[in-house]
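# Topology and contacts: notes
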Amino acid sequence: MPRHPALLQINTRTWISERSEALERAATLDDMPDAALERIAQNGFDWVWLLGVWQTGEAGREISLRQPEWQPEYRELLGEFDNEDVAGSPFAVRDYVVSGNFGGPAALARLRERLARRGLRLMLDFVPNHTAPDHAWVREHPEFYIHGTPDDLVREPHNYRKMGDEVLALGRDPYFPGWPDTLQLNYTHRGLRQAMLDVLHALARQCDGIRCDMAMLVLPEVIQRTWGERSRPADGSAPVDERFWPWAIEDVRRLRPDFTFMAEAYWDLEWALQQQGFDYTYDKGLYDRLRGQDAGAVRGHLRADLDYQRRSARFLENHDEPRAAAVFGPRMHQAAAVIALLAPGLRFVHDGQPTGRQLRTSNHLRRRAVEPVDRELEAFYDRLMACMRRDEVHDGSWQLLNPKPAWDGNGTSGQMVAYAWEKDGRRTLVAVNYGPQQAQCYLPLPSAGSGSVELVDLMNPAMSFSRRGEELSRDGLYLDVPPWRHHVFSVAPLSTR
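None of these values were measured; they are calculated from a predicted model.

How each quantity is defined
Residues numbered from 1 in each chain as written. Predicted model: local features only at pLDDT ≥ 70, side-chain atom pairs only at ≥ 80, totals over all residues. Heavy atoms only, no water. Helix = DSSP H or I, 4+ residues; strand = E, 2+ residues; numbered from the N terminus. Rg over C-alpha atoms; globule rule 2.2 N^0.38 Å. Buried < 20%, exposed > 50% of the residue type's maximum accessible area, 1.4 Å probe, protein only. Areas by Shrake-Rupley, 256 points an atom, 1.4 Å probe, with all protein chains shown as cover. Lys, Arg positive; Asp, Glu negative; His and termini not counted. Charge placed at Lys NZ, Arg CZ, Asp CG, Glu CD. Axes fitted to C-alpha atoms, helices over the stretch in contact; angles between N-to-C directions. Left-handed = near helix turned anticlockwise from the far one by under 90°. Contact = heavy atoms within 4.5 Å. Nonpolar A, V, L, I, M, F, W, Y, C, P; charged D, E, K, R; others polar. Salt bridge = Lys/Arg side-chain N within 4 Å of Asp/Glu carboxyl O.

In this section: the overall build of the chain. The helix and strand inventory of the chain stands at 19 helices and 23 strands. Against the 2.2 N^0.38 benchmark of 23 Å for 497 residues, the chain shows a C-alpha radius of gyration of 24 Å, consistent with a compact globule. C-alpha atoms of the chain, sized along the principal axes, occupy 80 × 50 × 45 Å. The buried share among the 497 residues of the chain stands at 58%. Carbon and sulfur atoms make up 48% of the accessible area of the chain, which totals about 20,300 Å². The distance from the centre of the 60 positive side-chain charges to the centre of the 71 negative ones in the chain is 3 Å.

And the structure:
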């Protein structure tokens, strides 16, 4: 696995739905065409994350159907919809077994084998915080859940639910009401921790890595803040205060040393989760700074410890965030994509992002709206993914560069975000004007050598020129860049282009 891999997230339900429509029959994972897998590999991806393969239940689907505040989103996304369009949330998992609608475990195993033949690894979901209301543990092991009282149910009906004779808590984080289609697991219960470890071992036999939903919610300090005394095991057993993630990750890696853990993480807990064993954590910080259109804040973010950055998952959109094409202007979208997807770390691309989809796909629906392909944006992403495939960008060493003012009193260099990649003499230089004004700067290039070098803009190959290496090292490369524009230069001795 390269040091800076790329991941493609695919919504399994919508893919199966669209494939079924094309084939005019019920499709399964076996119907993912080899040509599609080839394209994914040729675009330089190392991982495919299939969102939502696990078995959900009718209880969760019924809640998705009748929850009044979710209905407007369904209509906004699809216009008209019927009950068959509503599948229920993939994060209300009833059982970690591949849905029979997708072909079951055997179809997943065959798809994983086809991916592996193309050098692609498979990532699947793990939802540690909660289960569906009709999970077998609700009947067989109610002690695995956070319990409430009848008074809790009266005071906080948005956070508790009556299940038979028990009042159980809904899954939630400390800042929002509970998710009504889930029930909250209790990580202070020793039996629950062992049961979840068994689930992780089962997942490690079916895929190469997992994306852990809201991974920070099972940290002891977050459990205490959210649930307080309610987190004591309902069966009276002694609570366990040991951290779950280091224990579980170490145990899984005894059998699968190369198994990968990626955490969805927020609240500045990314570093803590990396220290507890996660290979990658969501980088919401870079996303927020790019949305904020603040080049200085972006540069500051990229000054973080390099090991932390290497383990950060960079994204412009995912199934929770709005579509990038809907919230970034066209030029800003391209500038942000160059910064995020050529920076060190895991480059995370969402299905539909390169073709300019603007409508989110609801987690509760099996279908998405038909949208036109933005051919200009698609061509841009083709060029960008070719840059991502370059060996020095995929697996080389990285250095943040400091743009210098082009002349006294010109502050537009502060809009520039620039860095360089190098491996075995191959070099790539990235420079982005992440701001609304024309920007000028000098960009010092360390170790540019003493002979002539040629710079070719990989995003616009018609732009190429040569400079003396000592000039680039001493004075820097002069750039004059329009608003929200970018350059990705290959830098090579003139004689070896």
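Turning next to the packing of helix α8 (residues 190–204) against helix α10 (residues 244–255). Remark: α8 packs on α10, axes separated minimally by 10 Å, with the N-to-C direction vectors making an angle of 40°. Classified by chirality, the crossing of α10 by α8 is right-handed. In contact with R193, Q194, M196, L197, L200, H201 and A204 of α8, α10 contributes F244, W247, A248, D251, V252 and L255. Class assignment of the residues belonging to the contact of α8 with α10 gives a composition of nine nonpolar, two polar and two charged.

Turning next to the pattern of salt bridges. Scanning the entire structure with this criterion turns up 38 salt bridges. Across the pair R367 and D85 runs a salt bridge, and its minimum N-O distance is 2.9 Å. Separated by 282 residues along the polypeptide, R367 in the loop between β14 (346–350) and α17 (375–389) and D85 in the loop between α4 (71–78) and β4 (93–98) bring together distant segments of the chain. In this structure, D208 engages R112 in a salt bridge whose closest nitrogen and oxygen atoms are separated by 2.9 Å.

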